[in-house]
Amino acid sequence: MDGSTRGVKSENSNEPYKWGKTWAKQQARRGFLMGMFGLSLLAAGLPKAEAAELKILALGDSLTAGYGLPAAQGFTVKLEAALRAKGIAATVINGGVSGDTSAGGLGRIDWMLADKPTHAIVELGANDGLRGLDPGQMEKNLDAILTKLKDAGVKVLLTGMRAPPNFGAAYTQSFDAVFPRVAERHKVAFYPFFLDGVAANPQLNQADGIHPNETGVNTVIERILPSVLSLLASS
């Protein structure tokens, strides 16, 4: 090579470089498009994000359990149906045990929490009253139940109960005062009387005069539903 051509590149000397650069860009663009296509397919196959599932634990006794009624006519089944009729896809867990007292409810609250409820309706105390048990101890049991529920992040609706009149005025006054006091102490929603509009009405109760019949359960649902809706709305 003579001095006249020293340092002068051939006209085609950059062609391999240009071709390689173009090829690299094409491959990068192809990879990007394939990646986006793959993500689109993946997204199409995944369920859309939904709101957290509402699970309402109804912790109670025979009134919650649906004593003496077909399964489809019990409190929890009808409450769930009433909520779904309002467009609320909530599951209501039947945590009712016939004959249970507040102590019984406290004894099983830990394993009921294994269902991971988001909300709870606490309906206990009727059997404490029927047996004439100490209202002070019932209050301690309800305190402990609500503490466990709140510690688990569960929103609570506490329902009140009334003592039967056969234990005297002093017992009745002491018993009835427990529920609003516990609700106020724990700052939870309160429904004053679970059997409102049903208690002592023969047309709405079974032959024992204690447990609601199918029509009675409908009345319970109708009356408590606004409080349940308010509980869910406050979450």
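Above: the structure in question.
Residues numbered from 1 in each chain as written. Predicted model: local features only at pLDDT ≥ 70, side-chain atom pairs only at ≥ 80, totals over all residues. Heavy atoms only, no water.

### So, empty space enclosed by the protein
What counts, and what does not: Residues are said to line a cavity or pocket when one of their atoms sits within 4 Å of a point; the points come from a 1 Å grid over protein atoms alone, cavities being sets where a 1.4 Å probe fits but cannot get out and pockets being open sets with protein on both sides within 12 Å along at least five of seven lines. Grid points are joined across faces, edges and corners, and a volume is the space filled by probe spheres set on the points. For this classification, Asp, Glu, Lys and Arg are treated as charged, while Ala, Val, Leu, Ile, Met, Phe, Trp, Tyr, Cys and Pro are nonpolar and the rest, including Gly, are polar.
A full pass over the atoms with the stated rule returns two cavities of 30 Å³ or more. In this structure, the largest cavity encloses a volume near 40 Å³. What lines the largest cavity is simply Ser62, Leu63, Gly66, Tyr67, Leu69, Gln206, His211, Pro212 and Val217. Broken down by class, the residue content of the lining of the largest cavity amounts to five nonpolar, four polar and no charged. There is about 30 Å³ of room inside the second largest cavity. Along its surface, the second largest cavity is lined by Leu63, Phe75, Phe194, Pro212, Val217 and Val220. Taken together, the residues of the lining of the second largest cavity break down into six nonpolar, no polar and no charged.

### Some thoughts on the environment of Lys78
Applicable threshold: Counting from the N terminus, the helices are DSSP H or I runs at least four residues long and the strands are E runs at least two residues long. What makes two residues a contact is simply this: any of their non-hydrogen atoms within 4.5 Å. Identification of polar contacts relies on pairs of N or O atoms within 3.5 Å, with a donor-acceptor requirement for protein atoms, meaning one able to donate a hydrogen and the other able to accept it, and with residues adjacent in sequence counted only if both atoms are side-chain atoms.
Within the element layout of this structure, Lys78 appears in helix α3 (residues 75–85). Spatially, the C-alpha atoms of Lys78 and Asn218 are 7.6 Å apart, while their sequence positions differ by 140 residues. In this structure Lys78 touches Ala72, Gln73, Glu214, Val217, Asn218 and Ile221, once residues within four positions along its chain are discounted. A polar side-chain atom of Lys78 sits 2.8 Å from a polar atom in the side chain of Gln73.

### A short note on the pattern of salt bridges
Basically, it comes down to this: Salt bridges are identified by distance alone: a Lys or Arg side-chain nitrogen within 4 Å of an Asp or Glu carboxyl oxygen.
Inspection of every chain in the model, using the stated rule, returns eight salt bridges. The partner of Asp196 in a salt bridge is Arg223, with the nearest N and O atoms 3.2 Å apart. Of the two residues, Asp196 is situated in the loop between β5 (189–191) and α8 (214–233) and Arg223 in helix α8; the sequence distance between them amounts to 27 residues. Through salt bridges with shared partners, a single ionic network connects Glu139, Asp143, Arg181 and Arg185.

### Some points on the sheet that holds β5
Rules: Two strands are counted as paired when DSSP detects at least two bridges linking them. Each axis is a line fitted through C-alpha atoms, taken for helices only over the stretch in contact, and angles between the N-to-C directions span 0 to 180 degrees.
The five strands are arranged β2-β1-β3-β4-β5 in an open sheet whose pairing can be described as parallel. At either margin of the open sheet sits one strand with a lone partner, and together these are β2 (90–96) and β5. For this sheet, the mean inter-axis angle between neighbouring strands, taken without regard to orientation, is 20°. In the sheet, strand β1 (residues 54–60) pairs with β2 via seven bridges, with the strands oriented parallel. Following the sheet pairing, Ala58 is matched in β2 by Asn94. Sheet strands touched by α3: β1, β2 and β3 (119–123). Its angle to β2, the strand with the most contacts, is close to 165°. Running at roughly 155° to strand β4 (residues 155–159), α8 makes contact with β1, β3, β4 and β5 of the sheet.

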